[in-house]
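# Architecture and fold: a report
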Amino acid sequence: MSKHSHHGHGNTGQEKEAGENKGNPQGNGVSGSAAGSSKNPGQESQVNDTNKAEGDSKIPEVKQAALEAELADQLKKYAELEIKLADLNDQFLRKAADFENFRKRVNREKQELTEFANQNLLLDLLPVIDDFERAIKSAESSRDFTSFYDGIIMIEKGLTVMLENKWGLKRFNSAGELFDPNRHEAIQMEKSADAAEAVVKEDFLKGYTLKDRVIRFAKVKVLMPENSAGQDLNRAAGGAAASPPAGEDAGSGDKK
């Protein structure tokens, strides 16, 4: 009895399970579908990870290609700059050499100008020397003092005219002029009752101007008013003391 009862209970459990399965004929399918769906997310995740890894591996390759292209461009620019630098350096060296040659040429020309600055003047003086030689030879043969003297006067006149007309060198006379410290140098002074101001009485050495500029003062004897002090003329002449000839007194003109 009990054995039958136990067997019945076992069948009842099987029947119950079969009934449940019969009541839900798609249960196995649902379960399979669920199982299948439970596998898909993992697979998708794995695929995504693979794609991401592949994408990540391509990014460095793109960056590397870009860097290589930029490096190649920079190297090209560097090579171009090197060529330009070499060209500019060559130009600089050429300019430096040209300037050095120019400097040497200018210095050489300057030296030549200094050495031969008076060439034309000397050429103009050569005929005067020739005239002196002819006058001397003529005097040696004739011993005629009058002719020799007249010849010297003519040579001197021709020389002064040539220097004045061609070179602007002019001789000026000072006798009778008021003393001018810009043109005259007082060598001797003499007091006179007839002199109201300092007046040049005599030229000891004539003065010269070059194109209206005094290049040599006339050395003169000056008449001074009797009431003037000897130092007044010296101050008018720029404070320079007069230099009378030996044995002459610059203040009075009297011989010692």
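Conventions used here
Residues numbered from 1 in each chain as written. Predicted model: local features only at pLDDT ≥ 70, side-chain atom pairs only at ≥ 80, totals over all residues. Heavy atoms only, no water. Salt bridge = Lys/Arg side-chain N within 4 Å of Asp/Glu carboxyl O. Buried < 20%, exposed > 50% of the residue type's maximum accessible area, 1.4 Å probe, protein only. Pairing = 2+ DSSP bridges. Helix = DSSP H or I, 4+ residues; strand = E, 2+ residues; numbered from the N terminus. Axes fitted to C-alpha atoms, helices over the stretch in contact; angles between N-to-C directions. Contact = heavy atoms within 4.5 Å. Expected span 1.5 Å × (residues − 1). pLDDT = per-residue confidence, 0-100. Polar contact = N/O pair within 3.5 Å; in protein donor to acceptor, adjacent residues only side chain to side chain. Core = buried A, V, L, I, M, F, W, Y, C linked by side-chain atoms within 4.5 Å.

Our next topic: the pattern of salt bridges. One pass over the structure, following the stated rule, counts 10 salt bridges. A salt bridge links lysine 206 to aspartate 203, with the nearest nitrogen and oxygen atoms 3.9 Å apart. The class for lysine 206 is partly exposed, based on a relative accessible area of 30%. Through salt bridges with shared partners, one network takes in Glu190, Lys201 and Lys221.

Within the open sheet, the three strands sit side by side as S2-S6-S3. Their pairing is mixed. Two strands lie at the open edges of the sheet, namely strand S2 (184-192) and strand S3 (199-205), each paired on one side alone. This sheet shows a mean twist of 25° between the axes of neighbouring strands, independent of strand direction. Note: S2 against strand S6 (residues 218-225), eight bridges, orientation parallel. Bridge pairing in S6 links alanine 186 to valine 220.

Spatially, three strands are ordered S1-S4-S5 in an open sheet, and the strand pairing comes out antiparallel. What marks the edges here is a single partner per strand, and that holds for strand S1 (169-172) and strand S5 (213-216). When strand polarity is set aside, the average angle formed by the axes of neighbouring strands in this sheet is 40°. Summarising the sheet, strand S4 (residues 207-210) and S5 pair through three bridges and their orientation is antiparallel. Bridge pairing links leucine 210 to arginine 213 in S5. Against the sheet, helix H4 (residues 145-167) touches S1 and S4, its axis set at about 125° to S1.

With that settled, consider helix H3 (residues 119-142). Taking 1.5 Å per residue, 24 residues should reach 34 Å; H3 reaches 35 Å between its end C-alpha atoms and fits that length. For H3, the full list of buried residues reads Asp124, Val128, Ala135 and Ala139. Where the residues of H3 are buried, they touch H4. Once H3 finishes, arginine 143 follows within two positions and takes phi at roughly 55°, a positive value.

Before going further, it helps to examine the confidence of the model for the protein. Per-residue confidence for the protein gives a mean pLDDT of 77; residues scoring 70 or more make up 66%. In this model, residues 1-39 is a region of pLDDT below 50 whose contacts with residues beyond four sequence positions or in other chains number zero contacts. Considering only residues more than four positions removed or in separate chains, one finds that residues 236-256, a stretch of pLDDT under 50, has 33 contacts.

Once that is clear, we can look at the side chain of aspartate 124. Relative to the helices and strands, aspartate 124 resides in helix H3. Engagement of the side chain of aspartate 124 in a polar contact is seen with the side chain of lysine 166, the distance being 3.1 Å. When neighbours within four sequence positions are excluded, aspartate 124 is seen to be in contact with Met162, Lys166 and Trp167.

Here we come to the nonpolar core. Note on soluble globular proteins: their nonpolar side chains tend to be buried together. Core analysis: the largest hydrophobic core is formed by 10 residues, namely Phe172, Phe179, Ala186, Met189, Ala198, Val200, Ala218, Val220, Val222 and Met224. At the level of elements, S2 and S6 are the ones that each hand at least two residues to this core. The element contributing the most residues to this core is S6, with four residues. Other than its neighbours up to four places away in sequence, alanine 218 contacts Phe172, Ser174, Arg183, His184, Glu185, Asp203, Leu205, Lys206 and Gly207.

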